[in-house]
Amino acid sequence: MGDTNRTLAAMRHGSIPGAHGRVRPLTLLGDADLREQCREVTEFGPGLAALVEDLFATMYAAQGVGLAANQVGVPLRVFVYDCPDDDDVRHLGHVVNPRLVEADGVVVRGPEGCLSLPGLEAGTERYDHAVVEGFTVTGEPLTVHGTGFFARCLQHECDHLAGRVYADHLTGWRKRRLARQIKRASWRRGTGPT
């Protein structure tokens, strides 16, 4: 995909986050880390900055639009994103100690996937508006507003930090179909959604 090549080229030139990070192995469904409540970040320093760089590098390498720290086995409340909204406006950033303070508007069922459930997706209901409050890697307060697909991303990443995955939102035949796909997946390490 052309966008991926431009992103990787920009990373090599240091013009976007992740240029100095290392790609970490992804935590997959079935790993206990993915189901744990993440801890608040209490130290804002070089270690946190390196984690954010690694999250960006890992997200870009996996061609994702968002990534939470527990998806690389670090149980801290941090996520990164590089995600368009429904108007194709790019949103790029990170949030430390995020709190989903608003999720409202219209509930939309749309395709949702996850780097921790590679190759799978399911129609998942999410609100089309979300607001997340938190901090930057240097401890400055920030508020992130999202609509459409970007609102979906914000809700998805906040779920990860609470030990949830999108499959937990499914019911009925969608849940059963995804459970069957997980059982057949080559990466499967544990049980699917319950």
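Because the structure is predicted, anything quoted here is derived from the model rather than measured. (Residues numbered from 1 in each chain as written. Predicted model: local features only at pLDDT ≥ 70, side-chain atom pairs only at ≥ 80, totals over all residues. Heavy atoms only, no water.)

### Describing the pairing of strand S3 (residues 90-113)
- In this structure, strand S2 (residues 78-84) lies alongside S3, joined through 7 bridges in antiparallel fashion. Within the sheet, the bridge partner assigned to Asp82 lies in S3 and is Leu92.
- If you look at the hairpin formed by S2 and S3, you'll find 5 residues sitting between the two strands, and Asp88 has a positive phi there, around 65 degrees.
- Relative to strand S4 (residues 121-135), S3 runs antiparallel, the two sharing 13 bridges. By the bridge assignment for S4, Val108 is matched with Arg126. (Pairing = 2+ DSSP bridges. Helix = DSSP H or I, 4+ residues; strand = E, 2+ residues; numbered from the N terminus.)

### Looking at the nonpolar core
- Counting residues in hydrophobic clusters, the biggest one holds 19 residues, and the most contacted among them are Leu48, Leu51, Leu55, Leu67, Val78 and Val80.
- Going through the elements one at a time, helix H2 (46-61) and S2 are the ones with two or more residues in this core.
- Considering every element that reaches this core, the biggest residue donor is H2, with 7 residues.
- When near neighbours in sequence (up to four residues on either side) are disregarded, Leu67 contacts Leu26, Leu55, Thr58, Met59, Val72, Val78, Phe79, Val80, Leu115 and Glu157. (Core = buried A, V, L, I, M, F, W, Y, C linked by side-chain atoms within 4.5 Å. Buried < 20%, exposed > 50% of the residue type's maximum accessible area, 1.4 Å probe, protein only. Contact = heavy atoms within 4.5 Å.)

### What about the sheet that holds strand S1 (residues 66-68)?
- Within the open sheet, the 5 strands sit side by side as S1-S2-S3-S4-S5. Their pairing is antiparallel. In this open sheet, the two edge strands, each paired with only one partner strand, are S1 and strand S5 (141-147). Between one strand and the next, the sheet's axes are offset by a mean angle of 30 degrees, whatever the strand orientation.
- Where S1 and S2 come together, 3 bridges link them in antiparallel fashion. Counterpart to Leu67 in the pairing with S2 is Val80. (Axes fitted to C-alpha atoms, helices over the stretch in contact; angles between N-to-C directions.)

### A word on a positive patch on the surface
- A cluster of basic residues, Arg176, Arg177, Arg180 and Arg184, forms a positive patch on the protein surface.
- Assignment of secondary structure puts Arg180 in helix H4 (residues 172-184).
- Among the residues examined, Arg180 registers a relative accessible area of 46% and is labelled partly exposed. (Patch = residues over 30% accessible without salt bridge, like charges linked within 9 Å, V, L, I, M, F, W, Y side chains within 5 Å. Areas by Shrake-Rupley, 256 points an atom, 1.4 Å probe, with all protein chains shown as cover. Salt bridge = Lys/Arg side-chain N within 4 Å of Asp/Glu carboxyl O. Lys, Arg positive; Asp, Glu negative; His and termini not counted. Charge placed at Lys NZ, Arg CZ, Asp CG, Glu CD.)

### Things to note about the pairing of S5
- Bridge count for S4 against S5 is 7 bridges, and the pairing is antiparallel. Paired with Val131 across the bridge in S5 is His145.
- Between S4 and S5, which follow one another and run antiparallel, lie 5 residues, and Gly139 among them has a positive phi close to 90 degrees.

### Overview of the UniProt feature "active site" (unreviewed entry) in the protein
- As recorded in UniProt, the sites labelled "active site" (unreviewed entry) are Glu157.
- With respect to the helices and strands, Glu157 occurs in helix H3 (residues 148-161).
- Taking relative accessible area as the criterion, Glu157 reaches 2% and is therefore assigned buried.
- With near-sequence residues (within four places) excluded, Glu157 lies in contact with Gly66, Leu67, Ala68, Gln71 and Phe79. (UniProt positions renumbered as here; feature names shortened; annotations may be inferred.)

### Concerning the UniProt feature "binding site: Fe cation" (unreviewed entry) in the protein
- The positions that UniProt labels "binding site: Fe cation" (unreviewed entry) are, in the present scheme, Cys114, His156 and His160. These annotated residues cover 47 residues of sequence, but their C-alpha atoms sit close together, with the largest distance between any two at 10.1 Å. Cross-referencing the annotated residues with the second largest pocket identifies Cys114, His156 and His160 as lining it.
- Relative to the helices and strands, His156 is located in helix H3. (1 Å grid on protein atoms, 1.4 Å probe; cavity = no way out; pocket = protein on both sides within 12 Å on 5 of 7 lines; lining within 4 Å.)

### Re the side chain of Arg126
- With respect to the secondary-structure elements, Arg126 resides in strand S4.
- Setting aside anything within four residues of it in sequence, one finds Arg126 in contact with Val106, Val107, Val108, Glu112, Arg152, Gln155, His156, Asp159, Tyr166 and His169.

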